[in-house]
Amino acid sequence: DGGITQSPKYLFRKEGQNVTLSCEQNLNHDAMYWYRQDPGQGLRLIYYSQIVNDFQKGDIAEGYSVSREKKESFPLTVTSAQKNPTAFYLCASSNPTTARPYEQYFGPGTRLTVT
Amino acid sequence: AQSVSQHNHHVILSEAASLELGCNYSYGGTVNLFWYVQYPGQHLQLLLKYFSGDPLVKGIKGFEAEFIKSKFSFNLRKPSVQWSDTAEYFCAVSNAGNNRKLIWGLGTSLAVNP
């Protein structure tokens, strides 16, 4: 089955620690995205990547970092500089080369709790 | 800057009631429009989409949406809701730039009482 996997489903960290969230896709999509979802705030874009070895900041990139060394993988690191890291994080992908480049497919999400 | 507005933040309905969730966007050019749904404990999934052609689009589970260009709207409808429609609904619009981003509404939480 093609899809997006995110692991782990729940993650707990102490304040001051960096943490990396995994996102893997086997859809052969070029573009990948990281969103943060908070109650009542919809989806806010953290980073996105349209192609391997390239990525751009989204609307709320401060305190986060990403890498895109492989087409299938787009890990997100939540650094200690992120002031309010507790949230639900969603990874998505899309295939910009098709006739429907904007259609995004989502993973199940990772709920990060920092105490 | 482009924006997407979902008018209803929380909606509570009884089963068999009709549903209409509003979505308005700010960009006047060509857009792609989406409704996504997030059922409790499940991942976000596409409900329906509009790219071109017939402005009335049908999606999964009996949902439909109408694109009205003159009103910059893409409202979601269902004639008779079920308890299983309880979920969070998000409207999204393609970004006008060349970066393949989506602009998201804040979401509408729908609770259907049995």
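Anyway, here's the lowdown on the structure attached to this text. (Residues numbered from 1 in each chain as written. Chains lettered and ligands numbered in written order. Predicted model: local features only at pLDDT ≥ 70, side-chain atom pairs only at ≥ 80, totals over all residues. Heavy atoms only, no water.)

**What about the overall build of chain B?**
So, point 1. When its secondary structure is counted, chain B shows zero helices and twelve strands.
So, point 2. Scanning chain B from its N terminus toward the C terminus, one meets helices and strands in the order β-β-β-β-β-β-β-β-β-β-β-β.
So, point 3. Taken over C-alpha atoms, the radius of gyration comes to 14 Å for chain B, in line with the 13 Å a tight globule of 114 residues would show.
So, point 4. Taking the principal axes of its C-alpha atoms as reference, chain B extends roughly 45 × 25 × 20 Å.
So, point 5. The 114 residues of chain B split such that 47% are buried.
So, point 6. In chain B, the share of contacts with a sequence separation of at least 24, taken over all contacts with a separation of at least 6, comes to 54%.
So, point 7. When the accessible area of chain B is evaluated, it comes to approximately 5,300 Å², of which 51% is carbon and sulfur surface. (Helix = DSSP H or I, 4+ residues; strand = E, 2+ residues; numbered from the N terminus. Rg over C-alpha atoms; globule rule 2.2 N^0.38 Å. Buried < 20%, exposed > 50% of the residue type's maximum accessible area, 1.4 Å probe, protein only. Contact = heavy atoms within 4.5 Å. Areas by Shrake-Rupley, 256 points an atom, 1.4 Å probe, with all protein chains shown as cover.)

**Focus on the side chain of Q6 of chain B**
Residues and elements named next belong to chain B.
So, point 1. Here Q6 lies in the loop between β1 (4-5) and β2 (10-14).
So, point 2. Within polar-contact distance, the side chain of Q6 engages the backbone oxygen of Y89 at 3.0 Å.
So, point 3. Here the side chain of Q6 touches T108 through a polar contact of 3.2 Å, side chain to side chain. (Polar contact = N/O pair within 3.5 Å; in protein donor to acceptor, adjacent residues only side chain to side chain.)

**So, the sheet that holds strand β8 (residues 76-78) of chain A**
Residue and element names in this part refer to chain A.
So, point 1. Taken together, four strands build an open sheet; the order of strands is β1-β3-β8-β7 and the sheet is antiparallel. Each of the sheet's edge strands pairs with one partner strand only, and the pair in question is β1 (4-7) and β7 (64-66). With direction set aside, neighbouring strand axes in the sheet form an average angle of 20 degrees.
So, point 2. The pairing of strand β3 (residues 19-25) with β8 spans three bridges and is classified as antiparallel. Bridge pairing in β8 places L21 opposite L76. (Pairing = 2+ DSSP bridges. Axes fitted to C-alpha atoms, helices over the stretch in contact; angles between N-to-C directions.)

**Some points on the nonpolar core**
So, point 1. Core analysis: the largest hydrophobic core is formed by 29 residues, its most contacted members being L19, L33, W35, L48, F74, L76 and Y89 of chain B.
So, point 2. The set of elements that each furnish at least two residues to this core consists of β2, β3 (19-21), β5 (33-38), β6 (45-50), β8 (64-68), β9 (73-78), β10 (87-94) and β12 (108-113) of chain B.
So, point 3. Setting aside residues no more than four positions away along its own chain, Y89 of chain B makes contact with Q6, L21, W35, Y36, V37, Y39, L47, F63, L76, G107, T108 and L110 of chain B.
So, point 4. Counting 20 residues, the second largest nonpolar core, distinct from the first, contains L11, Y47, Y89 and L112 of chain A. (Core = buried A, V, L, I, M, F, W, Y, C linked by side-chain atoms within 4.5 Å.)

**A short note on the pattern of salt bridges**
All names here are of chain B.
So, point 1. Applying the stated criterion across every chain yields a total of eight salt bridges over all chains.
So, point 2. Here K58 and E64 are joined by a salt bridge, their closest N and O atoms 2.9 Å apart.
So, point 3. Judged by relative accessible area, K58 falls into the exposed class, the value being 63%.
So, point 4. With its nearest N and O atoms 3.2 Å apart, the salt bridge here joins R77 to E66. In this pair, R77 is assigned in strand β9 and E66 in strand β8, connecting sequence segments eleven residues apart.
So, point 5. Using a relative accessible area of 22% as the deciding quantity, one classes R77 as partly exposed.
So, point 6. Overall, E66 belongs to the partly exposed group, its relative accessible area being 29%.
So, point 7. What you see here is one network of salt bridges that share partners, running through K58, E64, E66 and R77. (Salt bridge = Lys/Arg side-chain N within 4 Å of Asp/Glu carboxyl O.)

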